[in-house]
Every structure is written in C-alpha cells, then in structure tokens.
Amino acid sequence: MTAEQRRNLHAFRDYVRKILDPTYILSYMTPWFRDDVVQHIQAKKNNKGPMEAASLFLQVLLELQEEGWFRGFLDALQQAGYSGLYEAIESWDFQKLEKLEEYRLLLKRLQPEFKTTINPEDILPEISGCLLNQECEEIIQISSNKGLMAGAEKMVECLLRSDKENWPKTLKLALEKEESKFSELWMVEKGAENVQMKDLEDDEMKTLDVHIVYKEEPESQNLSQNSCSSEVPPTYSPLKPRNYQLELALPAQKGKNTIICAPTGCGKTFVSLLICEHHLKKFPQGRKGKVVVFAVQVPLYEQQKSVFSEYFERFGYKVSGISGETADNISVEQIVENNDIIILTPQILVNSLKDGTIPSLSIFTLMIFDECHNTNKHHPYNMIMFHYLDQKLGGSSDSLPQVIGLTASVGVGDAKNTAEATEYICKLCASLDTAVVTTVRDNLEELEEVVYKPQKFFRKVESRTTDRFKRIISQLMAETEALAKSIFEELGTVTLENLSRIQNRNFGTQKYEQWIIAVQKACMVFQMPDKEEESRICKALFLYTSHLRKYNDALIINEDARMKDALNYLKNFFKNVRAAGFDAIEQDLTQRFEEKLLELEGISMDPSNENAKLKDLCFILQEEYHLNPETRTILFVKTRALVDALKNWIEENPKLSFLKPGILTGRGRTNQTMGMTLPAQKCALDAFRTNRDSKILIATSVADEGIDIAQCNLVILYEYVGNVIKMIQTRGRGRARGSKCFLLTSNADVIEKEKLNICQEKMMNESISRLQGWNEAVFKEKIHQIQIQEKLIRDSQGKVKPVVDKKNKKLLCGKCKTFACYTADIRVVEECHFTVVRDAFRECFVTKLHPRPKKFGSFDKKAKIFCARKDCLHDWGIHMKYKTFEIPVIKIESFVVEDVATGVQTLYAKWKDFNFEKIPFDAAEMSPWAQDLNLQGVDGLE
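Residues numbered from 1 in each chain as written. Predicted model: local features only at pLDDT ≥ 70, side-chain atom pairs only at ≥ 80, totals over all residues. Heavy atoms only, no water.

**Concerning the overall build of the protein chain**
For the protein chain, the helix and strand inventory stands at 32 helices and 24 strands. Considering only residue pairs separated by 6 or more positions, the protein chain has 71% of its internal contacts joining residues 24 or more positions apart. Within the structure as shown, the protein chain displays about 43500 Å² of accessible surface, and the carbon and sulfur contribution to it stands at 49%. (Helix = DSSP H or I, 4+ residues; strand = E, 2+ residues; numbered from the N terminus. Contact = heavy atoms within 4.5 Å. Areas by Shrake-Rupley, 256 points an atom, 1.4 Å probe, with all protein chains shown as cover.)

**Notes on the packing of helix H13 (residues 243–253) against helix H14 (residues 268–281)**
Running from N to C, H13 and H14 cross one another at 35°; their axes reach a closest spacing of 9 Å. Both H13 and H14 take part in a crossing whose hand is right-handed. Contacts between H13 and H14 pair Gln 245, Leu 246, Leu 248, Ala 249, Ala 252 and Gln 253 from the former with Phe 270, Val 271, Leu 274, Ile 275 and His 278 from the latter. Split by residue class, the contact of H13 with H14 holds 8 nonpolar, 3 polar and no charged. (Axes fitted to C-alpha atoms, helices over the stretch in contact; angles between N-to-C directions. Left-handed = near helix turned anticlockwise from the far one by under 90°. Nonpolar A, V, L, I, M, F, W, Y, C, P; charged D, E, K, R; others polar.)

**With respect to the packing of helix H9 (residues 120–127) against helix H10 (residues 133–146)**
Relative orientation of the contacting elements H9 and H10 amounts to 170°, with a least axis distance of 11 Å. Here H9 lies roughly antiparallel to H10, going by the angle between them. For the pair H9 and H10, contact is made by Pro 120, Glu 121 and Leu 124 and by Cys 136, Ile 139, Ile 140 and Ser 143, respectively. (Parallel < 35°, antiparallel > 145°, perpendicular 65-115°, else oblique.)

**Description of the side chain of Asn 257**
Mapped onto the elements, Asn 257 comes out in the loop between H13 and strand E1 (258–261). Within the structure, the side chain of Asn 257 is placed 3.3 Å from the side chain of Tyr 388, a separation counted as a polar contact. Setting aside its immediate chain neighbours within four residues, Asn 257 contacts Tyr 388, Gln 402, Val 403, Leu 432, Asp 433, Thr 434, Ala 435 and Val 436. (Polar contact = N/O pair within 3.5 Å; in protein donor to acceptor, adjacent residues only side chain to side chain.)

**A few points about the packing of aromatic side chains**
For the structure shown, the criterion picks out 38 aromatic pairs. Residues Phe 573 and Phe 574 carry aromatic rings whose centres are separated by 5.1 Å and whose planes lie at 70° to one another, so their mutual orientation is edge-to-face. With respect to class, Phe 573 is no different from Phe 574; both count as buried. An aromatic cluster is defined as three or more aromatic residues linked by ring pairs; in this entry it consists of Phe 12, Tyr 15, Trp 69, Phe 70, Trp 92 and Phe 94. The aromatic ring of Phe 315 is capped on one face by Lys 281, whose charged end is 4.4 Å from the ring centroid. Directly above the aromatic system of Tyr 311 lies the positively charged group of Arg 314, at a separation of 4.5 Å from the ring centroid. (Phe/Tyr/Trp six-rings, centres within 6.5 Å; stacked < 30°, edge-to-face > 60°. Buried < 20%, exposed > 50% of the residue type's maximum accessible area, 1.4 Å probe, protein only. Lys NZ or Arg CZ within 6 Å of the ring centre and 35° of its normal.)

**Description of the sheet that holds strand E6 (residues 402–407)**
Taken in spatial order, the 7 strands make up an open sheet running E3-E4-E2-E5-E6-E1-E7, and their pairing is parallel. Two strands lie at the open edges of the sheet, namely strand E3 (319–322) and strand E7 (437–438), each paired on one side alone. Packed on one face of the sheet, H14 meets E1, strand E2 (291–294), strand E4 (341–344), strand E5 (366–370) and E6 and runs near 170° to E6. (Pairing = 2+ DSSP bridges.)

**Re the pattern of salt bridges**
Proximity of charged atoms lets side chains of opposite charge pair with each other. Under the defined criterion, the tally for this structure stands at 46 salt bridges. Between Lys 96 and Glu 165 there is a salt bridge, and its shortest N-O distance comes to 3.6 Å. Of this pair, Lys 96 sits in helix H7 (residues 95–99) while Glu 165 sits in the loop between helix H11 (148–161) and helix H12 (167–177), and the two are 69 residues apart along the sequence. Classification of Glu 165 as partly exposed rests on a relative accessible area of 47%. For Lys 154, the salt bridge is made with Glu 138, and the minimal N-O distance between the two is 3.1 Å. Taken together, the residues Lys 154 in helix H11 and Glu 138 in helix H10 connect sequence positions 16 residues apart. Each member of the salt-bridge network shares a partner with another, and the members are Asp 21, Lys 45, Glu 135, Glu 138, Lys 154, Glu 157 and Arg 161. (Salt bridge = Lys/Arg side-chain N within 4 Å of Asp/Glu carboxyl O.)

**Comments concerning the sheet that holds strand E8 (residues 455–460)**
Judged by pairing direction, the sheet is parallel, and its 6 strands sit side by side in the order E8-E13-E12-E9-E11-E10 without closing on themselves. At either end of the open sheet lies a strand with only one pairing partner, and these are E8 and strand E10 (662–664). Going across the sheet, the axis of each strand differs from the next one's by a mean of 20°, ignoring polarity. Sheet topology places strand E9 (residues 633–636) next to strand E12 (residues 714–718); 4 bridges connect them, and they run parallel. Looking at E12, one finds that Phe 636 is bridged to Leu 717. Here helix H30 (residues 748–772) sits on the sheet in contact with E8, E12 and strand E13 (740–745), set at roughly 160° to E8.

**A word on helix H18 (residues 380–393)**
The terminal C-alpha atoms of H18 lie 20 Å apart, and with 14 residues this matches the ideal 20 Å at 1.5 Å per residue to within 8%. Every buried residue of H18 is listed here: Pro 380, Tyr 381, Asn 382, Ile 384, Met 385, Tyr 388, Leu 389 and Gln 391. Looking one or two residues beyond H18, the residue adopting positive phi is Gly 395, at roughly 80°. (Expected span 1.5 Å × (residues − 1).)

**Observations concerning the pairing of strand E16 (residues 826–829)**
Burial along E16 is two-sided: Ile 826 and Val 828 facing one way and Arg 827 and Val 829 facing the other are all buried. Sheet analysis places E16 next to strand E17 (residues 833–836), joined by 4 bridges and oriented antiparallel. Within the sheet, the bridge partner assigned to Val 828 lies in E17 and is Phe 834. Between E16 and E17, which pair antiparallel and follow one another directly, the connecting turn spans 3 residues, one of which, Glu 830, has a positive phi of 50°. Note that E16 and strand E24 (residues 919–920) share 2 bridges and pair parallel. In the strand pairing of E24, Arg 827 is matched with Ile 919.

**Re the environment of Ile 751**
Within the secondary structure, Ile 751 is located in helix H30. What makes Ile 751 buried here is its relative accessible area of 9%. Taking C-alpha positions, Ile 751 is 7.9 Å from Lys 460, a pair spaced 291 residues apart along the chain.

**Re the environment of Gln 514**
Take Gln 514: it is sitting in helix H22 (residues 510–524). Remark: the alpha-carbon pair of Gln 514 and Arg 549, spanning 35 residues in sequence, is separated by 9.7 Å.

**Digging into unusual backbone geometry**
Here the phi dihedral of Lys 377 falls at roughly 45°; this positive angle occurs in a residue that is not glycine. Mapped onto the secondary structure, Lys 377 falls in the loop between E5 and H18. A positive phi is found at Lys 883, a non-glycine position, where the angle reads about 55°. The topology assignment puts Lys 883 in the loop between strand E20 (875–882) and strand E21 (885–890). With a relative accessible area of 54%, Lys 883 lands in the exposed category.

**Brief notes about the confidence of the model for the protein chain**
Considering every residue of the protein chain, the mean pLDDT works out to 80; 82% of them sit at 70 or more. The low-confidence segment residues 189–237, where pLDDT is below 50, has 105 contacts with residues more than four positions distant or belonging to other chains. (pLDDT = per-residue confidence, 0-100.)

**A word on the pairing of E3**
Burial along E3 is two-sided: the residues Val 319 and Gly 321 and Ser 320 and Ile 322 are all buried. In this structure, E3 lies alongside E4, joined through 4 bridges in parallel fashion. For Ile 322, the partnering residue across the bridge sits in E4 and is Leu 344.

**Some words on the state of the cysteines**
Scanning the entire structure with this criterion turns up 0 disulfides. Sulfur of Cys 816: no disulfide; nearest cysteine sulfur belongs to Cys 872 and is 3.6 Å away. (Disulfide = S-S within 2.5 Å.)

Pasting the structure below:
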C-alpha cells in the first residue's frame, strides 16, 4: 500500500460510502479486522444504516498498517460482487460511477411512486444482475415477511447503491417487460452522458425525456450513417440502395418467390425493406397488403422490429410484433388484424395456426423468412410451410402469400459432391416453394467493396503434456464410480446395465456426459421388490452421478481454460452442496474433494501449468491489437461456462485487461447455468456497439446467426466449429476491410472439419450457379415433384395414430420412487397442462414460491412443487391459480410411469409421447380445497 493509494482512497471516500455496504465484505477482511471491530461495524449498520457503517469501515481501513490490506480490500470487493467499485478503485477512474448520480437523484424523487406501483418480485429476476446476491435475497425475504411495499423500498435502497453502470437501462427494460406504468416515469437516454437533469421544483415532479432504442447494427453502411451514435435522429433519412441490393431485390419485386443468398454484412435486411416497401405500394386503392416477417431468435426479432418500425412508420404503415416473451398477454389475432407489418418469432404463428386463432396463411400477402436455411425437419419455419404447401397442393382457391427467404448460406447438408449439394438446395427451395435463388452476379465488384471476406488462419496448439489437475479429478471420479458400483455388490445378481459399462469412458468428454444421462435414466426405471431399498439406491445413484457430472464439467473447462476456473467451478458446487441437505453420501464426497483441495489449489496457481491454448490466444490478441489498437473482436466458444472462464482470464491478465470483455450467451437453461435474460442480451449487444472501451465480445452460438453486431475486424473461433452455414456466418461477423478469422484448436480433426466446410462452401456456390442456369419451368417442375413426394410421406406419417392405452398406471417420483398418483387422477387443462384432481395428492408435495411468478391467460403461476420427502425434494412442476382454482401442474419428465399389472416402468420426456387416456379438466370434479388452498411448506424450503 503506497501513500498515494491511501490518499486516493481518502479522496474518493464519498463514492465508497454511497455504494458499499461493508457488512457484505467483512468476512473477506478477517485477516485485517479484529472481531470487536467487525461487531462495531455491524452494529453501526443496524443502528445508523450502511452509509454510516461504510464511514466507520473506511476510517478503520485507512488506519491499518499491516501489509496487503489494500489488495485484500480490492479482492473483497470483487468477491462480493462490487465490480464497478472494484474497477473504479483499481484504475482510480470514477467517471462511470459519477454518471450514475443523476439516476440516483431521479430514483430518490420517484421512490414514493415506485414503492406503491412496483411488485419487486416481478422485476427482481430481470435486474438481479445489477444487485448483489445478498441484496436479492434480502429483497425476497423482506417482501415475504413485511409485504411488497417494504420489499420495493428495499429494492430502491439497493439500486441507489448499485455500482453497475447499466442498472438504469436494465431497470427500464424490466419495467417495460412487465408493462409497468412506472416505466413512463423512469426514462433513461441511451448513453447516460447525454442526459441533462432539469431543475426540479420542490412542489412539482418532472422526469427526464428519454427514449431507449435498440437499433440494428447496419449490415451495410448505407443503412445507418453512424452506428455508434447515442442520439436518435428526429426524422428518418431515406437511404439510397446500392446496385447489388437492387439486383438482389429485383426477382422478388417482380412477385416471384425467392431465396436471397448473400454474404453477412451486405445489407440483406435493407433488401427486405425494399421488397416490403415495393410490395405494399403495389396494391390499388381500397386493397391492402399484409406482411409477416419471421426471426428465429428473440434478440433478432427485437432488432428486426426496430428496423421495420423506423423505416415504415414514416410512410404511415402500422408495424407491431409478438415473440415468446410477449405472447402471453397479447392477442395474436388483434395484432395481425390491426397492423400492416407483423414481426414474429415463428412458433407464435405455428401455435396460432394450430389453435385456429389464425385460420389460414391467406390472411398474409408476403412472408419473409430471415435465416431461411432453417426451413427443414421440424423447425417452426417448416411447420408454417407445411400449412402453405397443404393449401397449395390441396387445390384451395384461396390466395397464398409471396415467400421470400434470406440467408448467408443455404448449406449443403451431408452432400459429398455437387450433384448431391444441388439436390439438397432443391429440397430447401421446395420447402419454401421457390424456383429462384438470387445471388449477386452483375454487381460483384461493388459487393466486394462493401463486404470483405476475412483471411482465414488455422492455428493448432498442443494440449498440456502433463496434467496433474486432470489426474487428481480423474482419481476422484474413479472413486465416485467405485462407490456407485459398490451399491450393487450387496445385491448379488441385481445390476444396472449402464453402470456396468463404465469402463472405456474418457473423463472430461461429451460422451461421458451422455453416459451419466443414460445411468440416470436407467436408474429412474430400476425396480426391486423392496421399494424402500429401491428408493435408497436410486437416490444414492443420483447423488453419485450428479457429482460425476460436475467433475466432468470441470475437466472440460480445464481443457480449454485455466485450472483455476475449473477449480472455482467445483468449489462453488461443493459450497452449494454444503448449504443444502448435505446427507451422509454428500458429506463423504465433499470430504474426499476437500482432502485434495489444497493440492489442487497449489497446482492451479503454478505458472508452469498454464494452458498452451491460452498462451496462443493471448499472443494472437496482443499481436492484433499491437498492429491495430482499434481492433474489435468477437471470440466464439462452445459453452457458457467457457464464456465466463475466458472473461475472468482476460480481466485478470494484465496484458489483456484493457480489452474489457463483454459476454453474450443464449437464453435457455443448461444443467449448469441459467441463460442470459433478454434484457441482459440487449444490454450486452448495446454496450458492445456503443462502448468503444469494450474491445472484445465473448459469445456462444447465439451471436453467429443473424444478430448484427458492431463491425468487427477480428473473429476468433476457440475450439469452435460447426457446419458450413455456421462457418460462413461466424466468419461473416468480421466485416471491416483487413478482417481476420482465426481457428484455434488442439484437435487436428477440428481443423480438417473446417477445411471440409470451406470445400462445401465452394460446392454450394457451384450448385447455386448450376441451378441459376436451369430453365425456370424445369426448376418449378422439379420442386413441385419434391413437394408432392414430401407431402405423401408427411400424410402417411400423420395417419398412423398411436393407440390410446386405457389401463390405469402409477406415477412415481423419478428420484425417490415415492407414489404420486394414478393416470386416472390426471386431467388436461386447456389441452396442454396436466393437473391431478385426487385429494390425497396434495399431501405428496410441498411448495416454494416461484422465483419468477407470472400471469398468462387464465393462469397465474405462483409456486414450484417438490416431492414431499425431505430427503428427496425432486422438482415436480409448478403451482398455479387457474380461474378460481389452485391447482398443481406436473411435468411428466419428473416421474416414472409404472404399469399397475406388470410393474414395468417407463420414462417419458414429453406428455405427447405418453399415450394414456387424457381426460379434460372439469370444474365440477374439483374439491373445495382446490378453491382456497394455501401454499404449504414454503417456509420449510426457503
């Protein structure tokens, strides 16, 4: 600790006082703070509040003379989650925190309205990333114990202390998602530096005049003149299309169904605007067109909705949209009826066609499929086109909409030669009912001036020659496997087939993960005469395989990132294990891990164990930023865990920390982590577009398809490879002239796969050229024959209806095998939800308040339900209010189905796969308890 650092900390102490609750970091400061000092600070918070406690904390801190306290303080901030304060003190730059001050002032003034209008439990899941974990828990606890208004007050208190620079914007998104009236008061400009606070009179509250606009990052420079501007222009300036864009649009403007295949970055979105505008203007007075635009991912949907709205609302056209995020509370029928252009995620239309909300595709005059290469198998795009083709081939007299597909690559499937590739593309054309594939041919020179194809480099690196971390973890895995096997030694002839096939499984691989899943599935249908013993064994095997899965995950992280990241992943897991039930098996497994922990920590901190891949990645990044300090990078990786690991590595690497990495991952949940929420994805994209300090975005596959990101000149594929479509799209993220694309891998097969993709791209281009030379009538007849053949197959498959099994069956808990109900007790609510009407079923489960309660349609999702056995607590589903009834809604994957007569047990992943007699819900059957049921067991599970 230098004198200068001490002076700086004293000078900037007011920032610390406003943000820090010292009680959250005291546990990390025990080497420097005596117990009586800790108690004094805690008492100060209880009596005077966190700001006074922070003042006392700083006073004690600045008087310390022991070595290492300043670094310890910084580490404590980072560990507790004070990332903004940590960054500010580390660099002695408090500008980002200073910009938050005006939002704090605004929130203080709006606090009375906030606490009376906001349900903190509704928006907490969306803004939790801007708060500390302990703060989130306190908000939930206060809301539960003292009421929602007290919870809202606590939320305001926590937001006022938040050091996350994006919290004002994240709060805005959360309020808009919940359609809160308070959203109209909480206004933030995109880029806080442009926000001007007006003088507020004491007796009159005014608010900031604010707009949040998520604009598409232009695929072409003529779609927007300034991609990073934080100001929204007052009027839309018409843009002049380039010649190659007019060439791409021409066949569609002539009314032909068309697939437009053009490279990422050329402005296909602008081409679709030109086509849409021409289409809507061609209708005579008294008639109107209706356009539907599909986007496969929600962030892409948001992007398209923004672009189409900005472009067309100046003409007086009405633009709206629906995605899975907004569908619950919006009438699809009204949106379609009342707008000229509708942006949809495709499953919305699939559902609406199925339930009759949208009776026919004839209501539309133009359908635009973005990323149309997805039109195959059971993708929603194909489901929509099945309706189209059934109407076309069925001889209907109703008109059909024009079809336009957009893609950077149509792909070639498994084609081995140009003839097979041509056949594959013909099938895609048949699926989209188009005999025209448009590419740029006449204006190639102009296209090449706009779209630069980055240089591709392959970099093979060696894995660690010796890996003591892997050896120790593998030893722990072998011990855990042996414990699982030992369960069966006492049972003699009884065995579990998948458990006997442990050998020859490589630890730290996807194949091992698949083996774990197979064992768990086999365990769920494993049977013994003694049901208590059966339950004990199944529970034990679940515990052993869950631990094996975590060890396997850690080895995968270790392979591609630092040992330190893999070890932290395991430490967090065992910390959570200790905090839960922690039975005898878990205690034993935890002890085995902790016995190796000291050795593992020593190994993970040894510089000689550095991952060679990371050395090479570091070299590439240093070299590229040395050549061009303004380089903008997208780093693609396979998993979310690797995204987090590489972000930590970059931030902690003094050679790379200046890159200030952002992250972008998918929204779905994996076994390990929750995905990014939609607001978090929006904020990540927006921050990378507008924040020039953030020079690298670490992303999973969510960023390789369609979502427009700021122009990058460096794309790195880190052990990341897919098919030819993925290759073209990931490479296409590097758009600036002089762009480079690196594939970094230790696996020679990965490089060979990528070289194969390059060959397939060449084959695809040759096949498209071949098709473009065909006579159009011949092409149309070819796809017509494919359509007839595919419909015959589809119809024959549809006629085979499964036989309904009317025999009564038991549902047993999938984890402990406790009896839950009979199939005769199950009723179907609104065709897709399954509830149990037997009175005794309520004794079989306990509930816990749902972390994301939500209302949709006639349903009010309130709680989650779990097996009532205290040593099990297996997740069974959710608890809802349906109209006036409180009902449990169960998920079939949580249960084992047992035939009453034979005892045979079966697993089902989805209700549609279980062909039992499905009886519709009837209110007359419901017992009085279902109308006023209190949620029992909540406190026991908190």
